[in-house]
Amino acid sequence: MKLMPVPATQVFRIPMRHPGDVSGIEALFAAGATAPAQVVAILAKTEGNGCVNDFTRAYAVQSLELLLHRHGVTRDVALVMSGGTEGGLSPHWIVFAVSEAEAPAPGGALAIASAFTRDFLPEELGRMPQIRETAAAVRAAMAEAGITEAHYVQVKCPLLTNERMADAAARGRTVATTDTYASMGLSRGASALGVALALGEVAEDALSDAVVGEDWSLFSGVASASAGVELTRNEVVVMGMAPGWGGDLAIAHDVMMDGIDFPAVQRALAAAGLAAPGQLTPAQRERAVAVLAKAEPSTTGRIRGARHIMNDDSDINATRHARALVGGVIAAAVGRTELFVSGGAEHQGPDGGGPVAVIVRR
């Protein structure tokens, strides 16, 4: 009796020469490695400043949309651009697709699904409506894919601009902040708390508008949120292990307690089957398909008792410092700089730390 095929996740890591360089993805399609219709999400590290005016993100999104439309893809594809490749981080794309396998993998395999919230009003950003809508999207994505173990939830969320704040004011509404940069953190924080709510990491009665960006004891150990001016809704991508999925990919994660938590990176690698006393061997490195992490300077201004100046630098934004620091630590463990290290980890791991996830080929 012929078995029915099962879904299988494909993940491709592709370097980019600039934020509009989609030639590597085009080559992927031309080679038949995956089909445009199978793509469910594309993540990328772009080389802008990662702040409010980082238009490398919008440029990358536009380039991807044009590429997908050329190939007849008109449905929603989650496009999550994280700006900022400070230090040695390398700009790159990560393409996620869902194909078919002949049979489920023993013990399950990497599963992925995406979901989208409705568009948010400016006054909803950084507040309970964004938390609840994000939680609903996470639950919907997990149900669609049958994910039983969520190891990484990527959210792309909006931010406030002067125009959006003016719109709220014209309707007699107030916004969570009038600082456009601060709005990025509040939007990321509310999105992360939405993930925590969906996964049972935080109880709903512990949540309110007031805790966002204030109570750092509330966080998700798997959420990664990135804010951008290029959208008005949350785009959610859930990755985890699921029975009934095929293929040779798996995912594991851990939580860095601070920016130099090298052991947490090693634990995540080991949980994914890549245990090593130091840096991964070349053979192990080949099996590490993607590494995804969050970076955030501690609000205390200290790392293990020693003072840091990330929050006090008026020339370079604190999140840029953090990406460079955490990127270097993870690169030392993995032996590669094509790492999806995203800055701004409000409510994403403990204060000064953040989740780190590893996708491997078994």
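Rules of the game
Residues numbered from 1 in each chain as written. Predicted model: local features only at pLDDT ≥ 70, side-chain atom pairs only at ≥ 80, totals over all residues. Heavy atoms only, no water. Helix = DSSP H or I, 4+ residues; strand = E, 2+ residues; numbered from the N terminus. Rg over C-alpha atoms; globule rule 2.2 N^0.38 Å. Buried < 20%, exposed > 50% of the residue type's maximum accessible area, 1.4 Å probe, protein only. Contact = heavy atoms within 4.5 Å. Areas by Shrake-Rupley, 256 points an atom, 1.4 Å probe, with all protein chains shown as cover. Lys, Arg positive; Asp, Glu negative; His and termini not counted. Charge placed at Lys NZ, Arg CZ, Asp CG, Glu CD. Pairing = 2+ DSSP bridges. Axes fitted to C-alpha atoms, helices over the stretch in contact; angles between N-to-C directions. Core = buried A, V, L, I, M, F, W, Y, C linked by side-chain atoms within 4.5 Å. Right-handed = clockwise from strand over helix to strand, strands pointing away. Expected span 1.5 Å × (residues − 1). Polar contact = N/O pair within 3.5 Å; in protein donor to acceptor, adjacent residues only side chain to side chain. Salt bridge = Lys/Arg side-chain N within 4 Å of Asp/Glu carboxyl O.

*Asks:* Explain the overall build of the protein here, please?
*Replies:* Counting its secondary structure elements, the protein contains 8 helices and 14 strands. Against the globule reference of 21 Å for 362 residues, the protein gives a C-alpha radius of gyration of 19 Å, in line with a compact fold. Dimensions of the protein, computed from the C-alpha atoms along their principal axes, are close to 65 × 45 × 40 Å. Of all 362 residues assigned to the protein, the portion counted as buried reaches 59%. By sequence separation, contacts in the protein at least 24 residues apart represent 82% of the contacts at least 6 residues apart. Approximately 14000 Å² of the protein is accessible, and the part contributed by carbon and sulfur atoms is 54%. Computing the positive centroid from 29 side-chain charges and the negative centroid from 38, the protein places the two 4 Å apart.

*Asks:* Can you help me understand the sheet that holds strand S7 (residues 223-227) in this one?
*Replies:* Through backbone hydrogen bonds, the strands of a sheet pair up, either in parallel or in antiparallel fashion. The 4 strands lie next to each other as S5-S8-S6-S7, forming an open sheet whose pairing is mixed. With partners counted over all chains shown, the strands left at the sheet margins are strand S5 (109-116) and S7, one partner each. If you compare each strand with its neighbour and ignore which way they point, the axes differ by 15 degrees on average. Pairing of strand S6 (residues 149-157) with strand S8 (residues 235-242), which is carried by 7 bridges, proceeds in the antiparallel orientation. Residue glutamate 149 lies in a different strand from S8, and its bridge partner there is methionine 241. Here helix H3 (residues 128-145) sits on the sheet in contact with S5, S6 and S8, set at roughly 140 degrees to S5.

*Asks:* Just to check I follow, could you spell out the nonpolar core for this structure?
*Replies:* Within soluble globular proteins, side chains that are nonpolar generally end up buried alongside one another. Ranked by size, the top nonpolar core spans 52 residues in total, and within it Leu43, Phe96, Met239, Ile330 and Ile359 carry the most contacts. If one sorts the elements of this core by residue count, helix H8 (residues 318-334) sits on top with 8 residues. Leaving out residues up to four positions away in the same chain, phenylalanine 96 has contacts with Gln10, Val11, Gln38, Val39, Val40, Ala41, Leu43, Ile112, Met239 and Ile359. If you look at the next biggest cluster of nonpolar residues, it comprises 42 residues, including Ala105, Val138, Ala145 and Cys157.

*Asks:* Please clarify how the pairing of strand S2 (residues 39-46) should be interpreted in this entry.
*Replies:* A large share of S2 lies buried, amounting to 8 of its 8 residues. Sheet topology places S2 next to strand S4 (residues 92-101); 6 bridges connect them, and they run antiparallel. Counted as the bridge partner of leucine 43 is isoleucine 94 from S4. Relative to strand S3 (residues 78-83), S2 is paired through 6 bridges, and the arrangement is parallel. When the bridges of S3 are listed, threonine 46 appears paired with glycine 83. Taking the sense of rotation as the criterion, the β-α-β connection linking S2, helix H2 (residues 56-70) and S3 turns out right-handed.

*Asks:* For this particular structure, what's the right way to read helix H5 (residues 180-199)?
*Replies:* Note: α-helices contain 3.6 residues per turn, so residues at a spacing of three or four share the same orientation. Given a rise of 1.5 Å per residue, 20 residues ought to cover 28 Å, and the 29 Å separating the end C-alpha atoms of H5 matches this to within 8%. For H5, the side-chain oxygen to backbone nitrogen distance between the N-cap and tyrosine 181 is 2.9 Å, and the N-cap itself is aspartate 179.

*Asks:* How do you make sense of the pattern of salt bridges when you look at a structure like this?
*Replies:* Pairing of side chains with opposite charge becomes possible as their charged atoms draw close. Considering all chains together, one arrives at 18 salt bridges under this definition. One salt bridge in this structure joins arginine 323 and glutamate 86, with 2.7 Å as the shortest N-O distance. Of this pair, arginine 323 sits in helix H8 while glutamate 86 sits in the loop between S3 and S4, and the two are 237 residues apart along the sequence. Relative accessible area serves as the criterion here: at 12%, glutamate 86 is assigned to the buried category. The residue glutamate 133 makes a salt bridge to arginine 118 at a minimum N-O spacing of 3.5 Å. Taken as a pair, glutamate 133 in helix H3 and arginine 118 in the loop between S5 and H3 lie far apart in primary sequence, 15 residues in all. On the accessibility criterion, glutamate 133 (27% relative accessible area) is partly exposed. A residue is classified by how much of its surface remains accessible, and arginine 118, at 36% relative accessible area, is partly exposed. Because the salt bridges share partners, they merge into one network encompassing Arg57, Lys156 and Glu230.

*Asks:* When you look at the side chain of glutamate 346 in this model, what are you seeing that I'm missing?
*Replies:* For glutamate 346, the location among the structural elements is in the loop between strand S13 (340-343) and strand S14 (354-361). Within the local environment of glutamate 346, its side chain forms a polar contact with the side chain of arginine 188, the two groups lying 2.8 Å apart. The residues contacting glutamate 346, other than those within four sequence positions of it, are Gly185, Arg188, Gly189, Ala192, Trp216 and Glu296.

*Asks:* Sorry if this is basic, but what is going on with the sheet that holds S13 here?
*Replies:* An order of S9-S14-S10-S13 is seen for the 4 strands of this open sheet, with the pairing classed as mixed. Looking along the sheet, the strands with just one partner apiece sit at the ends: strand S9 (249-256) and S13. Across the sheet, the mean angle separating the axes of adjacent strands is 10 degrees when strand polarity is ignored. Relative to S13, strand S10 (residues 288-295) runs parallel, the two sharing 4 bridges. Residue pairing for S13: alanine 293 is matched across the bridge by valine 341.

*Asks:* How do you make sense of the side chain of lysine 294 when you look at a structure like this?
*Replies:* Its location among the elements puts lysine 294 in strand S10. Here lysine 294 sits buried without a salt bridge, and the closest side chain of opposite charge, glutamate 346, lies 6.1 Å off (N-O distance). There is a polar contact of 2.7 Å between the side chain of lysine 294 and the backbone oxygen of alanine 225. Reaching out from lysine 294, the side chain makes a polar contact with the backbone oxygen of glycine 344 at a distance of 3.0 Å. Those residues in contact with lysine 294 that sit more than four places away from it in its chain are Ala223, Ser224, Ala225, Val326, Ser342, Gly343, Gly344, Ala345, Gln348, Gly354 and Pro355.

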